[in-house]
Amino acid sequence: MGPPSSSGFYVSRAVALLLAGLAAALLLALAVLASLYGHCARVPPSELRDGGAPAAAPSLPGKQEPTSQPGPTPEPDVAATRSSWRPPGPWDQLRLPPWLVPLHYELELWPRLRPDDLSASALRFTGRVNITVRCTTATARLLLHSLFLDCESAEVRGPLSLDAGDATAGRVSVVEMWFAVDMQYLVLELGEALQPGSLYELQLSFSGPVSQDTREGLFLNLYTDQGERRALLASHMEPTFARNVFPCFDEPALKATFNITVIHHPRYVALSNMPKLSQSEKEDVNGSKWTVTTFHTTPHMPTYLAAFVICDYEHIGRIERGKEIRIWARKDAIADGNADFALNITGPIFSFLEDLFNISYPLPKTDIIALPTFDNRAMENWGLLIFDESLLLLQPNDKLTEKKIMISYIVSHEIGHQWFGNLVTMNWWNNIWLNEGFASYFEFGIINHFNPKLPMNEIFFSNILHGVLREDHALVSRAVSMKVESFTETNEIDELFDLITYNKGASLARMLSSFLNEKIFISALKSYLETFSYSNAEQDDLWRHFQMAIDDQSKILLPATVKSIMDSWTHQSGFPVITLNVSTGVMKQEPFYLGKVKNQTLLTHNDTWIIPILWMKNGTTQSLVWLDKSSKVFPEMQISDSDHDWVILNLNMTGYYRVNYDKLGWKKLNQQLEKDHKAIPVIHRLQLVDDAFSLSKNDYIEIETALDLTKYLAEEDEIIVWHAVLMNLVTRDLVSDGNNHDIYPLLKKYLLKRLISIWNTYSTMIRENVTALQEDYLALISLDKVFGTACLLGLEDCLQLSRELFRNWMNHPENEIPNPIKNVILCYGIALGNDKEWDFLLKIYNNNTEEEERIQLAYAMSCSKDPRILNRYMDYAITVSPFTFNETNVIEAVAASEVGRYVAKDFLINNWQAVSERYGTQSLVTLLYVIGRTISTDLQISELQQFCSNMLEEHQRLTVQAKLQTIKNENLKNKERSARIAAWLRKNT
């Protein structure tokens, strides 16, 4: 029977057999190869070497092998079809056709990992999956996802007779099996059409590679524990990597239950989403013993949450409300107590969210495992959460870092996913923000519950809001929620895991909570979670439940429906700038652009936002108002030049927008800062600095308006505000790159006079009571910039402290440099030292195995101001010891400083071929950008092009020319800005 779509490609069983016969006759010389492909038996050489792979895939424990029906089913052919010559069809679409709905997976995996053989470079696994599906549309063609897998056999059984059991089910012949590589489909061509409403079982045997270079699908970690080299296997399926491990319907709405079996070496333990059900033993063809671990059936869940780990780890555990929680890690880490903190916080977080939503965590256990390498990520797999160990384990020397609170946030985020993502899943990836945005938002509610003294508004600004407001803008960015039709390739799904999804999503959830209230917000979410448990939801489903909560009360009145309000934020890119004229009370909105365009008619961003305006006047919170059109008059916001009133919009920075004022509005705020800055809350002092400098940089206000806000800083004792000022004012293009020699002494005189008070507070703490910093999160994230600026501006006490701490560490290595200022002390210890200090750091580097610390040390060694030492460093990295410094491009690190830029350029003249071999040709391109970062004339571009003419290919030279032209234009713009800053500093110093 033909396919459901007339545009499809179909070959009948008879024609297929005829073509196969002709091919066999014509290609007799290749009979062996044809036989291998015809029978789909792709057993790689590595399987034959390790003796673990029988010719047929292992059977599923407890599952009866299907009995043959009269008339043998021919083995299907396998081919990989590429876009250059395949016919058009459903395999050209990113989304699966809706012909089949998966109900249940019986999945068995058998990786051939052995603890006594970690040298295998091509580790593989075999597997079998039986998928029970419901047919919704008559079809003789099946599509499911498969990537990098060799499918060795495929059968279709059914229609299944539930009353009589599977044993009586018939078979549907598989005539042909082929891969549509571009969209990552395995296509089964059947001898007859499946019947709508009937159940079938797809039985597939397969094998595939274990990834060693990426953390996608089933991957390998090699590590050292208890002095021995060891290995583990783990999985990462989100968003589209389940198809790398087993053929499946790899879309988030296609939820099913899973019975998972893992076959592994007896010295390893196997973990999965559910608790262990049973364990048995089996032998391979060589007589080697393997352990078969079978797990309980999972709840309905998408493929991206399926998880497996095979490891030789220890664990610690506790019981929380009758459910087991275990933290797994390297044996050394468990013995040292590094997992204790994570265990102590995990249970209470689960309990808090259960109580908050009144929905119990549905699984009987939770395993959390710390991998040696997981690319600084964490994954919320139901029942088996996987973390990079740097994000989960707290070591004794982490007390003076932000690590403790960071671990709390990340654990909270992943546990939040057990409700937002696992229990209720977005319908497709275009609304991934429903998972990530709400999990990110609830990080802060959880941490605030357990640490009520933490300044949550300031932390949300620093961790979430600040970063995304710098990246999001109207023309280049994307919307939070996108149309499904806008996606055409699988890799576009990966790109959704960005600041827009996480940070903007969290910010919009926070804004929604702020203009409702916490009670209504949580009530709506409870209803949403209860309604869509074990199912999927669209963004509109969420808005509908918020609207229901609004309609059930009368206190909160909105200017439009929740959907209308929130769609204005989620369906368009960027965010608005609100400008208030305090003289007239007129407020207007416009999209924020990187560099305000004078002729707005050139722009295509015509939509407006429905904007909640929470605000304060003279420090007193005012009633919520709405800006639901391009401009509106608010008489209550008017003030005059003669009074002492002031107005701040965006209370606690809960709105996702920037705020601008007319000249009088800025003047009144500046006067209040100089008169009594404490009357303006810390979060709003942060806001004023961040908004003003961003708006000035992008031509919404004059730079002088932003600079005026810094006059009061001698009285500012909040280090997070200082951090915001210095991040905006002490930038490399202003003070470090040599183009602005006139600014440095002016900025030094202006800032040091104001910085001395905050410096004295924290330098005294460093010298006398450094442990007092442990609970000061804002100080821990701000000290590096404050101390770095003090040393950069030549504050003698900062330079002296750097010498003291570095030399004390050299002479007594047990006296470690306080982590919050370690980058600064290492850099200035080298800059102020000589060969002795540099050689000491090189020795520390060579004896260190922690990648993060090695990177820190490598960059510190580039801080020397001695050209001889810098040349020695580059020569050492390129020729003397080319297998070290794999984490860092040493030439780039050297070129980043003002002195190093010239030294690196001279070094390249004689060593560019060696540099290219060491770091790759593309590194030369990047180096030229670093070296040329200060150019401002066409002559300088020509000189640099001549310098690199022999190093690069033609296409690279063209790329470099275009990039250098962009750098020149940016520098010319910055030069004008720098001149204005210098003039203001002369006037105010």
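Not measured: the values here are computed from a predicted model.

Take the UniProt feature "binding site: Zn(2+)" (unreviewed entry) in the protein next. UniProt annotation of "binding site: Zn(2+)" (unreviewed entry) refers to H413, H417 and E436 when read in the numbering used here. Separation in sequence by 24 residues is not matched in space for these annotated residues, since their most distant C-alpha atoms are only 8.4 Å apart. Checked against the element boundaries, H413 lands in helix 6 (residues 403-416). Here H413 falls in the buried class, since its relative accessible area comes to 6%.

As a further point, take the packing of helix 20 (residues 777-792) against helix 22 (residues 822-831). It is at 8 Å that the axes of helix 20 and helix 22 come closest, and there the two elements cross at 25°. As far as their axial angle goes, helix 22 and helix 20 are roughly parallel. Residues D784, F787, G788, C791 and L792 of helix 20 touch helix 22, and the partners they reach there are N823, V824 and Y828. The class makeup of the residues in the contact of helix 20 with helix 22 is 5 nonpolar, 2 polar and 1 charged.

Under the definition given, this model contains 42 aromatic pairs. Residues F246 and F258 carry aromatic rings whose centres are separated by 6.4 Å and whose planes lie at 85° to one another, so their mutual orientation is edge-to-face. Taken together, the residues F246 in the loop between strand 11 (228-236) and strand 12 (257-264) and F258 in strand 12 connect sequence positions 12 residues apart. Exposure remark for F258: the relative accessible area of 1% places this residue in the buried category. When the centroid spacing of 6.0 Å and the interplanar angle of 45° are considered together, the rings of W433 and W543 count as tilted. With W433 in helix 7 (residues 433-450) and W543 in helix 12 (residues 539-551), this pair connects stretches of sequence that are 110 residues apart. The same class applies to W433 as to W543, namely buried. Each residue in the set F350, F357, Y361, W419, F420, W433, F438, Y441, F442, F521, W543 and F546 is aromatic and connected to the rest through ring pairs, giving one cluster. Sitting over the ring of F374, R377 keeps its end group 5.0 Å from the ring centre.

Here P266 is to be found in the loop between strand 12 and strand 13 (269-272). When the C-alpha atoms of P266 and T291 are compared, they prove to be 5.3 Å apart, with 25 residues separating the residues in sequence. With near-sequence residues (within four places) excluded, P266 lies in contact with K289, W290 and T291.

Let us now look at the UniProt feature "site: Transition state stabilizer" (unreviewed entry) in the protein. As annotated by UniProt and renumbered to match this structure, "site: Transition state stabilizer" (unreviewed entry) occupies Y502. Relative to the elements of secondary structure, Y502 occurs in helix 10 (residues 499-515). What makes Y502 partly exposed here is its relative accessible area of 25%. Once residues within four sequence positions are removed from consideration, Y502 is found in contact with H413, E436, G437, S440 and F497.

Let's shift gears to the pairing of strand 24 (residues 576-581). Extensive coverage of strand 24 is indicated by the burial of 5 of its 6 residues. As judged from the 6 bridges shared by strand 24 and strand 25 (residues 586-591), these two strands associate in the antiparallel manner. The residue bridging N581 from the neighbouring strand is V586, located in strand 25. Between the antiparallel neighbours strand 24 and strand 25 lie 4 residues, among them G585 with a positive phi of about 80°.

As a further point, take the state of the cysteines. Counting across every chain of the model gives 2 disulfides. The disulfide that involves C791 links it to C798, with 2.0 Å between the sulfurs. Judged by the torsion about the S-S bond (-90°), the C791/C798 disulfide is left-handed. Each member of the pair, C791 as well as C798, is classed as buried.

Take unusual backbone geometry next. With an omega of 0°, the peptide bond between G158 and P159 qualifies as cis. P239 follows E238 through a cis peptide bond whose omega is 0°. Looking at the element boundaries, P239 is found in the loop between strand 11 and strand 12. At D375, a residue that is not glycine, the phi angle is positive and equals roughly 55°. Along the chain, D375 falls in the loop between strand 19 (365-371) and strand 20 (378-379). A relative accessible area of 38% means that D375 is categorised as partly exposed. The phi torsion at N618 lies on the positive side, around 55°, for a residue other than glycine. Relative to the assigned elements, N618 resides in the loop between strand 27 (615-617) and strand 28 (620-621).

What counts and what doesn't
- Residues numbered from 1 in each chain as written.
- Predicted model: local features only at pLDDT ≥ 70, side-chain atom pairs only at ≥ 80, totals over all residues.
- Heavy atoms only, no water.
- UniProt positions renumbered as here; feature names shortened; annotations may be inferred.
- Helix = DSSP H or I, 4+ residues; strand = E, 2+ residues; numbered from the N terminus.
- Buried < 20%, exposed > 50% of the residue type's maximum accessible area, 1.4 Å probe, protein only.
- Axes fitted to C-alpha atoms, helices over the stretch in contact; angles between N-to-C directions.
- Parallel < 35°, antiparallel > 145°, perpendicular 65-115°, else oblique.
- Contact = heavy atoms within 4.5 Å.
- Nonpolar A, V, L, I, M, F, W, Y, C, P; charged D, E, K, R; others polar.
- Phe/Tyr/Trp six-rings, centres within 6.5 Å; stacked < 30°, edge-to-face > 60°.
- Lys NZ or Arg CZ within 6 Å of the ring centre and 35° of its normal.
- Pairing = 2+ DSSP bridges.
- Disulfide = S-S within 2.5 Å.

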